[in-house]
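Remarks on the overall topology
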Amino acid sequence: QVQLVESGGGLVQPGGSLRLSCAASVSIYSFSHMDWYRQVLGKERELVATITTYGTTNYTDSVKGRVTISRDYAKNTVYLQMNSLKPEDTAVYYCNAVKTPKLTYWGQGTQVTVSS
């Protein structure tokens, strides 16, 4: 059973930084790619960042230049470093791990609130 556990969320002032972590219960080598999504209550879940097996990264336009996705194979963990945070970044952030299009796993989410 694959488990993903997110951590690192919290309350931060505009312009601040947070680093989210997603720890997997299995080797992250087994996933073709891992992603961070976010969701605001009442809105659709939005893909924020992706990192593939090959190390290729992609970001949604609204976070480019402010957010970095990375991974640590030794710790089976994927990170999302978020800088220059804005109120519109407020959401629940979810980690997603994909083995195949029909075999994906989700974490429980971590709340990020950007407010003064």
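For the structure itself, look to the data block above.
Moving on, we come to the pattern of salt bridges. The full count for this structure, using the stated rule, is 4 salt bridges. Residues Glu46 and Arg38 are paired through a salt bridge, measuring 2.8 Å at the closest nitrogen-oxygen approach. Residue classification places Arg38 among the buried positions, given a relative accessible area of 7%. With a shortest N-O distance of 2.8 Å, Asp89 and Arg66 are connected by a salt bridge. Linking Asp89 in the loop between strand 8 (77-82) and strand 9 (91-100) with Arg66 in the loop between strand 6 (57-59) and strand 7 (67-72), this pair joins segments that are 23 residues apart in sequence.

Turning to the sheet that holds strand 7, a few remarks are in order. The 4 strands are arranged 1-3-8-7 in an open sheet whose pairing can be described as antiparallel. Two strands bound the open sheet, and with one partner strand each, they are strand 1 (4-7) and strand 7. The sheet shows a mean angle of 15° between the axes of neighbouring strands, taken without regard to direction. Inspection of the sheet shows strand 1 paired to strand 3 (residues 18-24) by 4 bridges, in the antiparallel sense. Looking at strand 3, one finds that Leu4 is bridged to Ala24.

This brings us to the environment of Val78. For Val78, the position within the fold is in strand 8. Along the chain, Val78 and Trp106 lie 28 residues apart, while their C-alpha atoms are 13 Å from each other. What Val78 contacts, discounting residues up to four positions off in sequence, is Leu20, Ser21, Cys22, Ile28, Met34, Trp36, Ile51, Ile69, Ser70 and Arg71.

Its identity as a non-glycine residue notwithstanding, Asn76 has a phi of 50°, on the positive side. With respect to the secondary-structure elements, Asn76 resides in the loop between strand 7 and strand 8. Residue Ser84 is not a glycine yet carries a positive backbone phi of 50°. Assignment of secondary structure puts Ser84 in the loop between strand 8 and strand 9.

Conventions and cut-offs
- Residues numbered from 1 in each chain as written.
- Predicted model: local features only at pLDDT ≥ 70, side-chain atom pairs only at ≥ 80, totals over all residues.
- Heavy atoms only, no water.
- Salt bridge = Lys/Arg side-chain N within 4 Å of Asp/Glu carboxyl O.
- Buried < 20%, exposed > 50% of the residue type's maximum accessible area, 1.4 Å probe, protein only.
- Helix = DSSP H or I, 4+ residues; strand = E, 2+ residues; numbered from the N terminus.
- Pairing = 2+ DSSP bridges.
- Axes fitted to C-alpha atoms, helices over the stretch in contact; angles between N-to-C directions.
- Contact = heavy atoms within 4.5 Å.

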